[in-house]
Amino acid sequence: MELKPRVYMVGAGPGDPDLITVKGQNILMNADLVLYADSLVSEQLISRAGSHARVLPSSGMDLEQMVEVMAEAVLAGNSVARVHTGDPAVYGAILEQMVLLKQRGIPYEIVPGVSSVFAAAAVLGAELTVPDLTQTVILTRAEGRTPVPEREKLRALASHHCTVALFLSAALAEQVVKEFTEAGWSKDTPVAVVQRATWPDQTIVRTTLGRLDRDLRQAGIRMHAMILAGWALDPGLVDRDEHRSRLYDKSFTHGCRTGLAADD
Ligand SMILES: C[S@@+](CC[C@H](N)C(=O)[O-])C[C@H]1O[C@@H](n2cnc3c(N)ncnc32)[C@H](O)[C@@H]1O
């Protein structure tokens, strides 16, 4: 693969080195500089960088230092793989990098990856959008050091009673329970937590809203965890044939089967 002198912001996926996209891996294998989020991207994946590549962990650098090293490489005619965990577009702090790169006239391109929200759903064997139960997934976080706009407080979002995926929130479970309860969620609503989804030391905690805080404390889970809440996480759903989609219903015709226009 012929790379251009630019910054490729590549999603590494959730942890399992085989969950990077083919395009992302090709960029990683051919880039001249690899700058990666070392706390959440697997060393096994990074070891696929070319033998000619300069490989740098980003954890000790601030934003300006990262942009400086990437810009320097591109101005010298080199390609850069800036490797982010999961998908770069979700809590990836890429906007601030793009702003500074653009100011310096450095071209960049985003290559998507498998977000931890979908990796967690996969390891739980869950569909997040279950017919007749919920057709919406909210990706959000509890308010910690990073402020959350008033209209996006958990209580307001939870009022939709859909599936809610909480990033960066494992240490804030008490607050999550309070706000969801205030929004009218029952204490027996299923919640599933996956810590380090797809890593060899992955941990799964299946619980309920009422027991979430206690169970996370007991399991010692405070970081690197995805919290998925809502009735789509009911582990019993797979034993009950109650929620079929229309898509594969014998009596339902749609665009693919009949050539007629349809939106699903
Ligand atoms: C800075 S955000 C990055 C999210 C990432 N861009 C993504 O798409 O998954 C870090 C948070 O993502 C979640 N996360 C990332 N990787 C994870 C994994 N392998 N298992 C569970 N949660 C993960 C956790 O909530 C963690 O606190």
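Residues numbered from 1 in each chain as written. Predicted model: local features only at pLDDT ≥ 70, side-chain atom pairs only at ≥ 80, totals over all residues. Heavy atoms only, no water.

- The name given to the chain in an unreviewed UniProt entry is Precorrin-4/cobalt-precorrin-4 C11-methyltransferase, and the organism recorded there is Paenibacillus forsythiae.
- Per UniProt, the comment on the chain under Pathway (unreviewed entry) is "Cofactor biosynthesis; adenosylcobalamin biosynthesis."
- The record held by UniProt for the chain lists under Sequence similarities (unreviewed entry) the comment "Belongs to the precorrin methyltransferase family." (UniProt positions renumbered as here; feature names shortened; annotations may be inferred.)

**Points about the UniProt feature "domain: Tetrapyrrole methylase" (unreviewed entry) in the chain**
Right, so step 1: Taking the numbering used here, the UniProt-annotated feature "domain: Tetrapyrrole methylase" (unreviewed entry) corresponds to residues 6-212.
Right, so step 2: Structurally, residues 6-212 comprises 29% helix and 21% strand, and the distance from its first C-alpha atom to its last is 44 Å. (Helix = DSSP H or I, 4+ residues; strand = E, 2+ residues; numbered from the N terminus.)

**Points about helix α8 (residues 212-219)**
Right, so step 1: Burial in α8 covers these residues: Leu212, Asp213, Asp215 and Leu216.
Right, so step 2: Packed against the buried residues of α8 are α7 (173-182), β8 (190-195), β9 (203-208) and β10 (225-229).
Right, so step 3: Following α8 by one or two positions, glycine 220 has its phi on the positive side, about 70°. (Buried < 20%, exposed > 50% of the residue type's maximum accessible area, 1.4 Å probe, protein only. Contact = heavy atoms within 4.5 Å.)

**Considering unusual backbone geometry**
Right, so step 1: We note that leucine 168 has phi near 55°; this positive angle belongs to a residue other than glycine.
Right, so step 2: Within the element layout of this structure, leucine 168 appears in the loop between β7 (163-167) and α7.

**Structural notes on the nonpolar core**
Right, so step 1: Phe180, Trp185, Val193 and Leu212 are the most contacted members of the largest nonpolar core, which totals 22 residues.
Right, so step 2: Among the elements of the structure, α6 (154-158), β7, α7, β8, α8 and β10 are those that each provide at least two residues to this core.
Right, so step 3: If one sorts the elements of this core by residue count, α7 sits on top with 4 residues.
Right, so step 4: Core analysis: the second largest hydrophobic core is formed by 19 residues, Val10, Ala12, Ile20 and Ala37 among them. (Core = buried A, V, L, I, M, F, W, Y, C linked by side-chain atoms within 4.5 Å.)

**Digging into the domain arrangement of the chain**
Put simply, an interface is often sized by how much accessible area is lost when its parts join up.
Right, so step 1: Assigned domains within the chain: domain 1 (7-111) and domain 2 (116-237).
Right, so step 2: Taking only C-alpha atoms, the centre of domain 1 and the centre of domain 2 are 29 Å apart.
Right, so step 3: Contacts between the two partners involve 10 residues from domain 1, matched on the other side by 11 residues from domain 2.
Right, so step 4: Buried area between domain 1 and domain 2, summed over both chains or domains, comes out near 820 Å², and the portion from carbon and sulfur atoms is 72%.
Right, so step 5: In this structure, the connection of domain 1 to domain 2 is made through 0 salt bridges.
Right, so step 6: Applying the counting rule to domain 1 against domain 2 returns 3 residue pairs in polar contact (both at pLDDT 80 or more).
Right, so step 7: Residue composition of the side of domain 1 that touches domain 2, grouped by class: 6 nonpolar, 3 polar and 1 charged. (Domains from an automatic or database assignment. Buried area = accessible area lost by both parts, 1.4 Å probe. Salt bridge = Lys/Arg side-chain N within 4 Å of Asp/Glu carboxyl O. Polar contact = N/O pair within 3.5 Å; in protein donor to acceptor, adjacent residues only side chain to side chain. Nonpolar A, V, L, I, M, F, W, Y, C, P; charged D, E, K, R; others polar.)

**A closer look at the layout of surface pockets**
Right, so step 1: By volume, the largest pocket is sized at about 1100 Å³.
Right, so step 2: Considering the residues around the largest pocket, the lining is formed by 45 residues, among which Leu40, Thr85, Tyr91, Leu168 and His224 are closest to the centre.
Right, so step 3: Those elements giving two or more residues to the lining of the largest pocket turn out to be α3 (63-75), β4 (80-84), α4 (95-103), β8 and β10.
Right, so step 4: When its residues are assigned to classes, the lining of the largest pocket shows 22 nonpolar, 15 polar and 8 charged.
Right, so step 5: Each of domain 1 (7-111) and domain 2 (116-237) contributes no fewer than three residues to the lining of the largest pocket.
Right, so step 6: The computed volume of the second largest pocket comes to approximately 320 Å³.
Right, so step 7: In terms of lining, the second largest pocket is formed by 18 residues, of which the most central are Gly125, Glu127, Val130, Leu237 and Val238. (1 Å grid on protein atoms, 1.4 Å probe; cavity = no way out; pocket = protein on both sides within 12 Å on 5 of 7 lines; lining within 4 Å. Points joined across faces, edges and corners; volume = space filled by probe spheres on them.)

**Digging into the sheet that holds strand β6 (residues 137-141)**
Right, so step 1: The strand order across the open sheet formed by 5 strands is β6-β7-β10-β8-β9, and the pairing between neighbours is mixed. Either end of the sheet is taken by a strand with one partner, and the two such strands are β6 and β9. Across the sheet, the mean angle separating the axes of adjacent strands is 20° when strand polarity is ignored.
Right, so step 2: As paired strands, β8 and β10 are joined by 5 bridges and run antiparallel to one another. Opposite valine 194, over in β10, you have methionine 226 as the bridge partner.
Right, so step 3: In the packing of helix α5 (residues 116-124) onto the sheet, the strands contacted are β6, β7, β8, β9 and β10, and the crossing angle to β10 comes to about 70°. (Pairing = 2+ DSSP bridges. Axes fitted to C-alpha atoms, helices over the stretch in contact; angles between N-to-C directions.)

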